[in-house]
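Geometric and topological summary
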Amino acid sequence: MYIQSGELVIISKGNFHFRFNGKFLKSLRFCIILLLLLVSIIPCFAAYNGIIKAYESRAVSVRTAEIQNQCTILSNQLNSYNYLSDMSSEVINASLTQLTNIYNGRVMIIDKNLQVVKDTYSLDEGKTIVSEDVVRCMQGKSTNYYDKQNRYIAVTSPIMEGETGRIAGVMLASVSTDSIVDNINILKTKGGMIVGIVIILMLVISFFIADRIVKPLKKITESIEDVSEGYDDEVLHVNTFTETRLLSEAFNKMLGRLKQLDKSREEFVSNVSHELKTPLTSMKVLADSLLAQDNVPIELYQEFMGDIAKEIDRENDIITDLLSLVKMDKTAKDLNIKTININELLELILKRLKPIAEMKNVEVVLESFRPVSAEIDEVKLTLAFSNLVENAIKYNHKDGWVHVSLNADHKYFYVKVADSGIGIPEEDQANIFERFYRVDKSHSREMGGTGLGLAIARNAVIVHRGSIKVYSSEGEGTTFTVRIPLTYVA
Ligand code: ADP
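Per an unreviewed UniProt entry, the recorded name for the chain is histidine kinase, and the organism is Faecalicatena faecalis. Taken from UniProt, the Subcellular location (unreviewed entry) comment for the chain reads in full: "Membrane". As its UniProt record puts it under Catalytic activity (unreviewed entry), the chain is described as follows: "ATP + protein L-histidine = ADP + protein N-phospho-L-histidine."

If you want it as structure tokens, here you go:
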């Protein structure tokens, strides 16, 4: 196996193959692992700290209460034995020693002059103690204090004077909290071990979960790569999660659409080739038949050459229309949008087409309901409307009529091209906007049609975010309606 330098590769027995490099840090797998680790480890540490803190505070308060209790009992005894006046009582001295032994502490008896009269450590006897706790205790309030840093608890308890009930002194006991700290340390070690085990377990689990989540995505990527390499019948079926199922479905849909586009492109190319070949074949036949004969009369030459010239014109028309269509297919950014007077634009179109209409004695009328100015690409829409009006004349009867009308509201302008012509059979109406589709091929060809006029018109309307519709009944006539926004929206 080839390993890139600078990478750490971990390969386990199962399906785990992880490469730790820059890519891995940016991967979804890494994010999932990190998230799962954080989600599990943070509460773990919080619980660990909480337990230790709770134990410490509970242990300290229990110990404080115990000492306080002992001090109260002892100070009562001191009172009854009048210990402050006579410190020879063996019972009291034994109790004091016992207390200091049990709790590993020190007891000091302080008289009302704040002088230490008894110290179980025999260090400070005769000295004066002026501490806040002692002074407060002299006023009758027992106090306690926990010094975490120096690991001890200090407790004061007032000593009453015989029968008067006045405060004669203070008992100050300070005990070590070493045993509590030892317990906390044991707790920390064990807790740390548990947290460590949890981290390792969560690491393994999160690697496993991340792998499970990422696997379907990997499968999708592989399938997409297969498809892009040319296996175009391959479809995705990654149903592991709802999301991957939806992704697969969307991808399959897109693939279907691409196939459809590819098919229509192929069809278009074959149609174009066929349409371009037809005039060439006719020309070839005409030329061959002239060449095959000797002493061809000049009249026949003239007739055949006239036919060849017509086929050249036809070829030219097809190429011109194809070029227009290709230009239409370009994106909206290629449009040359300007504010144009639509009334004038239609008048000009009708003027240009007048000679064709006159040839068939077709009456062409323009009805403008209001002056209309709109943001359009003049060349493209002129071509679209010209094609509609030209068709209305071409597929009309002799002495027929064509009505072109223009109207508008606050948002759109509407152009209607109605004719009294041959009409379009219902079953063909859905297809007439397709490239090279002709209801009657020979009739259309006779009329000089290329089968691209309506495709060009529809594309021009669509790039303007407009719509085009056809209403027709065979033998009665046809109406095309076009709706275009007055303001161009990119
Ligand atoms: P063509 O160059 O053949 O006219 P078009 O794309 O312009 O191609 O039109 C497609 C077909 O739709 C035509 O061949 C014709 O059969 C039909 N058609 C279009 N306009 C009309 C109309 N106004 N009346 C009747 N048939 C029409």
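**Considerations on the packing of aromatic side chains**
Evaluated as defined, the whole model comprises four aromatic pairs. Taking the ring centre of Phe268 as reference, the NZ or CZ of Arg435 above it sits at 4.4 Å. For Arg483, the ring lying beneath its charged end belongs to Tyr412, and the centroid distance is 4.1 Å.

**Quick look at helix 9 (residues 378–394)**
If you check helix 9, its first and last C-alpha atoms are 23 Å apart, about what 17 residues at 1.5 Å a residue would give, namely 24 Å. Burial of helix 9 is extensive: 13 of the 17 residues sit out of reach of the surface. One side-chain oxygen at the N-terminal end of helix 9 lies 3.2 Å from the backbone nitrogen of Val379; it belongs to Asp377.

**Quick word on the pattern of salt bridges**
Throughout the structure, instances matching the rule amount to 12 salt bridges. Between Lys112 and Glu161 there is a salt bridge, with its nearest N and O atoms 3.7 Å apart. Placement of the pair is Lys112 in the loop between strand 3 (105–111) and strand 4 (116–119) and Glu161 in strand 6 (residues 152–161), with a sequence separation of 49 residues. Of the charged contacts in the structure, one is a salt bridge between Asp124 and Lys127, with a shortest N-O distance of 3.1 Å. By relative accessible area, Lys127 is classed as partly exposed at 45%. What you see here is one network of salt bridges that share partners, running through Arg106, Asp119, Asp124 and Lys127.

**Section: the sheet that holds strand 14 (residues 477–485)**
Within the open sheet, the five strands sit side by side as 9-11-12-14-13. Their pairing is mixed. The open sheet has two edge strands, strand 9 (363–368) and strand 13 (467–473), and neither has a second partner. The sheet shows a mean angle of 10° between the axes of neighbouring strands, taken without regard to direction. Looking at chain direction, strand 13 and strand 14 are connected through seven bridges and run antiparallel. Across the sheet, the residue bridging to Ser472 is Thr478, located in strand 14. Along the sheet face, helix 9 touches strand 9, strand 11 (401–408), strand 12 (412–419), strand 13 and strand 14 and points at about 25° away from the line of strand 12.

**Considerations on the pairing of strand 13**
Residues of strand 13 alternate between two faces, with Ile468, Val470 and Ser472 buried on one and Ser467, Lys469, Tyr471 and Ser473 left unburied on the opposite face. Where strand 13 hands over to strand 14, the hairpin turn is made up of three residues, of which Gly475 adopts a positive phi near 85°.

**With respect to a nonpolar patch on the surface**
A cluster of nonpolar residues, Leu28, Ile197, Leu201, Ile205, Phe208, Ile209, Ile213, Leu217, Phe241 and Leu247, forms a patch on the protein surface that exposes about 820 Å² of accessible area. If you tally residues by element for the nonpolar patch, the top one is helix 5 (residues 178–228), at seven residues. Locating Ile197 in the fold gives a position in helix 5.

**What to know about the site of the ligand**
What surrounds the ligand is a group of 20 residues, the closest being Asn391, Tyr395, Ser444, Thr450 and Gly451. Within the backbone of Thr450, an N or O atom sits 2.7 Å from an oxygen atom of the ligand. Interatomic distance of 3.3 Å between a backbone N/O atom of Gly453 and an oxygen atom of the ligand. Of all elements in the fold, only helix 9, helix 12 (453–463) and strand 14 reach the threshold of two or more residues within the shell around the ligand.

**Re the packing of helix 2 (residues 28–80) against helix 3 (residues 90–102)**
Axis angle and axis distance: for two packed helices, these are the angle between their axes and the distance between the axes, and together they describe the pair. Two elements in contact, helix 2 and helix 3, have axes whose closest approach is 11 Å; the angle formed by their N-to-C orientations is 165°. By the angle between their directions, the pair helix 2 and helix 3 is classed as roughly antiparallel. Judged by the twist between their axes, the crossing of helix 2 over helix 3 is left-handed. Every residue of helix 3 that contacts helix 2 at Gln70, Leu74, Gln77 and Leu78 is listed here: Ile92, Ser95, Leu96 and Leu99.

Quick notes on the rules
- Residues numbered from 1 in each chain as written.
- Predicted model: local features only at pLDDT ≥ 70, side-chain atom pairs only at ≥ 80, totals over all residues.
- Heavy atoms only, no water.
- UniProt positions renumbered as here; feature names shortened; annotations may be inferred.
- Phe/Tyr/Trp six-rings, centres within 6.5 Å; stacked < 30°, edge-to-face > 60°.
- Lys NZ or Arg CZ within 6 Å of the ring centre and 35° of its normal.
- Helix = DSSP H or I, 4+ residues; strand = E, 2+ residues; numbered from the N terminus.
- Expected span 1.5 Å × (residues − 1).
- Buried < 20%, exposed > 50% of the residue type's maximum accessible area, 1.4 Å probe, protein only.
- Polar contact = N/O pair within 3.5 Å; in protein donor to acceptor, adjacent residues only side chain to side chain.
- Salt bridge = Lys/Arg side-chain N within 4 Å of Asp/Glu carboxyl O.
- Pairing = 2+ DSSP bridges.
- Axes fitted to C-alpha atoms, helices over the stretch in contact; angles between N-to-C directions.
- Contact = heavy atoms within 4.5 Å.
- Patch = residues over 30% accessible without salt bridge, like charges linked within 9 Å, V, L, I, M, F, W, Y side chains within 5 Å.
- Areas by Shrake-Rupley, 256 points an atom, 1.4 Å probe, with all protein chains shown as cover.
- Near = heavy atom within 4 Å.
- Parallel < 35°, antiparallel > 145°, perpendicular 65-115°, else oblique.
- Left-handed = near helix turned anticlockwise from the far one by under 90°.

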